[in-house]
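# Summary of the model geometry
Letter by letter, the chains look like this.
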Amino acid sequence: MDDKGSTMAAALAGEPHANTPKPSFSASIAKFRELGLLVFIILLSVGVQLRNPSFLTWENINDMATNTAILSILAVGMMFVIITRGIDLSIGATLALSGMIAALTVGEFPGMNPILAILLGMGVGLVCGIVLGFLVAKIGILPIIATLGMMNVFRGLTYVAGGGKWVSAHQMPASFKDMATGSILGINNLIFIALIIYVIAYYFANHTRTGRQIYAVGSNPESAKISGINTDKILWLVYAIMGGLSGLAGVLWVAKFASAQGDTASGYELSVIAACVLGGVSIAGGSGKISGIILGSVLLGIMNNALPLINVSPFWQNGIQGAIILIAVLVNAIVKRGVDRNNLMRRKI
Amino acid sequence: MDTRIITNKRDFSLKGFFLQWEWMLVLIFIGVNIMNMSLSEYYWDYNNLRDATMNFLDKAFIVLPMVFIIILGDIDISVASTVALSSVVMADLYNMGVPMPLAVVICLAVGTVCGFINGLLVVKYKELSAVIVTLATMIIYRGIAYILLEDQASGSFPDWFSFLGWGYVGSIPFILIVFAVFAILFAFLLHKTVFGRRVYAMGNNSTASFFSGIQVGKVKIIVFTLTGLMAGVTALFLTSRMGSTRPNVATGYELDVIAMVVLGGISTAGGKGRMIGAILAVFLIGFLRYGLGLVNVQAQVLLIIIGLLLIFAVAVPKLKWGKNKPRKLT
Amino acid sequence: MAEYVLELNGITKTFPGVKALDNVYFKLKPGEIHALMGENGAGKSTFIKVITGVHPADEGEMIMNGERVEFKTPNDSKRRGIAAIYQHVTNYPDLNVTENIFMGHEKLQKGTKRILWKEMHKEAEQLLKELGASFSPKTQMGALSVAEQQIVEIAKALSVDAKIIIMDEPTAALTRRESEELYRIAERLRDRGASIIFISHRFEDMYRLATKVTVLRDSKYIGTWDVDAISNHDLIVAMVGRDITQLFPKTDAEIGEELLRVEGLGKTGYFADISFSLRRGEILGLTGLVGAGRTEVCQTLFGIEPYDRGTIYFKGKEARIKKPLDAMNYGIGYLPEDRQKQGLVLEWGIGRNITLPALEKIARKGSINTAKEAEIAKRLAEKVGVKAKSIFDLASSLSGGNQQKVVFAKLLTADLDVIILDEPTKGVDVGAKSAIYEIISDLANQGYGIIMVSSEMPEIIGMCDRVAVMREGRITAFLDRKSITQEAILKASMADEAPVD
């Protein structure tokens, strides 16, 4: 059986050498993408540095890193949502609402432990996410419609909660604002938190059953049902995670910028989606890696920081970001078509 | 051979007639009016109501083609950005010395091109959904508007231009007349023509439509292009109404427009819904806004209400009709 | 130990409007390979879905090892050691092979619930090796060929140590040599003590593997025999229900001038060197195994998919067909294989469906004349004999046969010369089948040239003037009316030897 068995595999694989393992073409594309992103990031940094030496100063790098930390925390959540073929446009509003409520609370109780404020913000975000998850998973509303609607509800609630006013720096206790500047083990708190989230998310996505089920649901929802995966639960879960992370990001944002406003992070969801798409998260669902979205976030973070430094008007940022999203998804689509065509060429007629 | 009875006469069912979503809208509409009347004594006044329509009809022009897009099972969230870009280009050109009539034509042309690009991308890259394509163009179009005008306002249009948004023909607002004409045209296009029938067919079953010889890509591009054109029309009226423009005009219009379409009974799954429903929803939301505005309800609370209405409109049919046969509106 | 691992008694399953299984019996012994045969639409797929718990039965009982069981979800059957390998591979293209094998029963570390990747990869590699596959378990599933994916599905069944393995047409997309390997794998599984339910359209599979055969026809249980004890002819009669030649109303239509000629048509990865001609009044059969490229050829002729080599001549002139509309303008019509997905708008009435391809004809300056539409729809619906109360009856409310008649009526709205029929009687009950054969025969008499794709040999033999047999994307034989036999078709559609590597 054994010797004949290998001939079958050889015939199936369409290769004369049955013993050489066949490298997966699309897998190598994925590797190529991350390498490409990394190279691009380095080239961009070098280029910007040559134009403006203040780019790679400790202060600026720190600023970039803390900004990127918040962006990438949100991108982690968004990655899970997009893997299930969904999208969440409400995160900017969720972030604002949680940040606002946390800021108001610490303003009211200045003695409050910052950790409690974080938990409070995450709780608010979690509730928002659970509501969304309910609408998407249980009622079956399209994610784009549900999150578009709730985006406005959350945004409206933020204004109402703040009474139309800002919560500004002097209303927040120092302990709260210090969260963004303090450090643990010599690493800035925001970056530290982001790193922890990467590790947890990586472990969750790759080494737990639920994490893999998220990929399964996105890769083939019908099969997922047949193999007994509770798809409703998975959908609900990803929106809840997204909400919780938005809440966390909201508190960190408010602490970092020392202000909570009605229009905090308005439109920020677009940057987050851009980071995911750049990082290779497929809009069609089923694939996406933590390493990819970190690189995507870093690239976006550098661009946002670097453009003003090389005298690109801040008004170009929107357009550039949109173009990046479009180009990234188009390149994804074209690469995918190439892979498919290649697979067809391998078939013998 | 057995005899077969096939008739081509449709039975009329009174119950079926009244079980239509549009009657529900009429009831809500009446309810909203009663509520508004009890909230404010200034509400039920012909002149006030007439002028109120002038405030909300600008975005209604996009509702008309958006009905087609949602019937196709697609979505276009770039419309507000298209409005902003068309408006900004028009104002910029006018201030650079281009005659206003030509600037108006260019405004419509810019909208049309934006819509065409959306359609082209959606058709050529089927693996990308309309959601992601229009999300990207939404950022790009508004981004270009920012590049052109940065954070400035641009205006001082000729006097005749303000007639669009502020003028009356007799005692009827000009914008209302234009909207009525467009509404009739679009309703005719959707319900009475070959094109409209094809749109419904594609929304229900795109593959079968393609196999039946319908040029599905062409139909889709036309629909997206029409949407761009109507966003240009909205840009004209909005700019006229405001007297000047900024890159951030029409922010959030996409939500309003989609909310109106969905509230009008057009299913986001595609293939179902009627133009009259969306038109009713335009006035329903418009009057609701106006009434609540009269009693000083904040704009932000209105935001919440519109968001909830959108959710309500998509959730209710799924809950109520989910178990029985879905309502048939085609 | 009970005599049977699995016993089904009086299983009945009804879907809205259709009895998919009607009082079906089935007995499976340990270590037995049991073939399940029947025509398309006989109820085999539903039968599997009942066993696996995808569709729980309405009536009847299921007994496993002497114990009555009831499966409400696929998980229930999985837990009892039943694994199904479906005809259309159901997997996760974005995940790797190991995950596909272990989905739903991942190896987890006790306590932490961490996925034990190393152990899983190792076991997956072992399973793949046993099955003679050489690809790595870390390969992404979507990068594998269909045959390779099938091996993964089998590995999946092995990984749960399934006692009962259901294979739904596993050889359909395989070459002869690949099939041979599959037979060996199946035998090995049997020797390990598993019982196998083997569904196939190929007699060869059955003779080669099975010891018992159960036949279903029109959702009903016909009987179970020892494979050695039943002749080929008797088995066909059992499956078809009557001597096959009687069913077909084929008359000899007058064969006229050439309508369509195809020379060297090819499409990378699908088919190559397709050449044939079609004359007026002729019914040209196109057969071969599923996956041989028949549908792809037809869809290319109709402009659904592009071709990259060869030429199509229509009435002697070169035809450029890039989209279905082009084909329709030339006078070529296509009846698609999947009438629900490709042929009909199910939520619409019969009338609207019929007029969909010909809206221009019922419109003046783009606006539809509904009175004219209703009249045309009624006339055509009656012409093909749709059984319905009104043209406003929803297409979804019709039986399979009536739905198919509506799709035929759609073809008749246009002035056609060539009609391509892709599996015209798939999933249609016997009564409606003969009505459809009558329609086809009528069309040929009226001077249409007809290409008929079919997997059902009786209908190919009964209806066609000429048959082209395809194998692996090429035409391997043309048979004329006198030489069309089951044996000849089978011989041409199966590879004698493995394809050259």
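See the structure shown above.
Residues numbered from 1 in each chain as written. Chains lettered and ligands numbered in written order. Predicted model: local features only at pLDDT ≥ 70, side-chain atom pairs only at ≥ 80, totals over all residues. Heavy atoms only, no water.

## Considering the overall build of chain A
Scanning chain A from terminus to terminus reveals 14 helices and two strands. Relative to its full complement of 349 residues, chain A shows a buried share of 55%. Here the contacts in chain A between residues at least 6 apart in sequence split such that 78% fall between residues at least 24 apart. In the form shown here, chain A has an accessible surface area of approximately 14300 Å², with 67% of it arising from carbon and sulfur atoms. (Helix = DSSP H or I, 4+ residues; strand = E, 2+ residues; numbered from the N terminus. Buried < 20%, exposed > 50% of the residue type's maximum accessible area, 1.4 Å probe, protein only. Contact = heavy atoms within 4.5 Å. Areas by Shrake-Rupley, 256 points an atom, 1.4 Å probe, with all protein chains shown as cover.)

## Side note on the overall build of chain B
Looking only at helices and strands, chain B features 14 helices and four strands. Relative to its length of 330 residues, chain B is compact, with a C-alpha radius of gyration of 21 Å against a globular reference of 20 Å. Relative to its 330 residues, chain B shows a buried fraction of 59%. Expressed as a percentage of contacts within chain B between residues at least 6 apart in sequence, the contacts between residues at least 24 apart total 80%. Between the averaged position of the 25 positive side-chain charges in chain B and that of its 16 negative side-chain charges there is a distance of 15 Å. (Rg over C-alpha atoms; globule rule 2.2 N^0.38 Å. Lys, Arg positive; Asp, Glu negative; His and termini not counted. Charge placed at Lys NZ, Arg CZ, Asp CG, Glu CD.)

## A few points about the environment of E254 of chain B
Residues and elements named next belong to chain B. Position of E254 relative to the elements: it lies in helix 12 (residues 253–263). By relative accessible area, which is 10% here, E254 ends up buried. With residues near it in sequence (within four places) discarded, E254 still touches I77, V79 and A80.

## Points about the interface of chain A and chain B
The interface is formed by 37 residues belonging to chain A together with 37 residues belonging to chain B. Interface area, chain A with chain B, both sides summed: about 3400 Å², of which 84% is carbon and sulfur. Three residues stand out in chain A for area buried against chain B, namely I145, N152 and F315 of chain A, and they jointly supply 18% of the buried area on that side. Between chain A and chain B we count one salt bridge in total. Of the charged contacts in the structure, one is a salt bridge between R337 of chain A and E127 of chain B, with a shortest N-O distance of 2.7 Å. Among the secondary structure elements, those contributing two or more residues to the side of chain A that touches chain B are helix 5 (114–139), helix 6 (143–162), helix 12 (268–278) and helix 14 (316–346) of chain A. Take the side of chain A that touches chain B: its biggest share by element is 13 residues, from helix 6 of chain A. (Buried area = accessible area lost by both parts, 1.4 Å probe. Salt bridge = Lys/Arg side-chain N within 4 Å of Asp/Glu carboxyl O.)

## Looking at the pattern of salt bridges
Close approach of charged atoms allows side chains of opposite charge to pair. All names here are of chain C. Considering all chains together, one arrives at 38 salt bridges over all chains under this definition. Two residues, R309 and D308, come together in a salt bridge whose shortest N-O distance is 3.6 Å. On the accessibility criterion, R309 (42% relative accessible area) is partly exposed. Several salt bridges share partner residues, and in doing so they unite E257, R280, K315 and D417 into one network.

## Observations regarding the sheet that holds strand 11 (residues 258–267) of chain C
All names here are of chain C. What the four strands build is an open sheet, ordered 12-11-14-15; its pairing is antiparallel. Two strands bound the open sheet, and with one partner strand each, they are strand 12 (271–279) and strand 15 (317–319). Pairwise comparison of adjacent strand axes, ignoring direction, gives a mean angle of 25° for this sheet. The pairing of strand 11 with strand 12 spans six bridges and is classified as antiparallel. Residue pairing for strand 12: V262 is matched across the bridge by F276. (Pairing = 2+ DSSP bridges. Axes fitted to C-alpha atoms, helices over the stretch in contact; angles between N-to-C directions.)

## What about unusual backbone geometry?
A positive phi angle, close to 65°, is found at N296 of chain B, a residue other than glycine. Examined against the element boundaries, N296 of chain B turns out to sit in the loop between helix 13 (275–294) and helix 14 (299–320). If you check the backbone angles, E472 of chain C has positive phi at about 45° while not being a glycine. Along the chain, E472 of chain C turns up in the loop between strand 21 (466–471) and strand 22 (474–480).

## Some remarks on the sheet that holds strand 16 (residues 332–335) of chain C
Residue and element names in this part refer to chain C. Across the sheet, six strands lie side by side as 16-19-20-13-21-22; this open sheet has mixed pairing. Bordering the open sheet on either side are strand 16 and strand 22, each of which pairs with just one other strand. The average undirected angle you get between the axes of adjacent strands in this sheet is 20°. Both strand 13 (residues 283–288) and strand 21 contribute to a ladder of five bridges, which runs parallel. Paired with L284 across the bridge in strand 21 is R466. Strand contacts of helix 17 (residues 486–493): strand 13, strand 21 and strand 22, with the helix running at about 30° to strand 21, the strand carrying the most contacts.

## Some words on the packing of helix 8 (residues 174–192) of chain B against helix 13 of chain B
When two helices pack together, their arrangement is given by the angle between their axes and by how far apart the axes lie. Residues and elements named next belong to chain B. Contact geometry of helix 8 with helix 13 gives a least axis separation of 9 Å together with a crossing angle of 155°. As summarised for this structure, helix 8 and helix 13 are arranged roughly antiparallel, according to the angle between their axes. Contact residues: helix 8 offers L176, F179, A183, F186, A187, L190 and H191, while helix 13 offers M275, I279 and F283. (Parallel < 35°, antiparallel > 145°, perpendicular 65-115°, else oblique.)

## Brief notes about the packing of aromatic side chains
Tallying each qualifying case throughout the model produces 30 aromatic pairs over all chains. With 4.9 Å between their ring centres and 80° between their planes, W253 of chain A and Y268 of chain A make a pair best called edge-to-face. Separated by 15 residues along the polypeptide, W253 of chain A in helix 11 (residues 231–257) and Y268 of chain A in helix 12 bring together distant segments of the chain. Assigned by exposure class, W253 of chain A and Y268 of chain A land together as buried. Seen from their ring centres, F68 of chain B and F195 of chain B are 6.4 Å apart, and the 35° between their planes marks the pair as tilted. Of this pair, F68 of chain B sits in helix 3 (residues 46–71) while F195 of chain B sits in helix 9 (residues 194–204), and the two are 127 residues apart along the sequence. (Phe/Tyr/Trp six-rings, centres within 6.5 Å; stacked < 30°, edge-to-face > 60°.)

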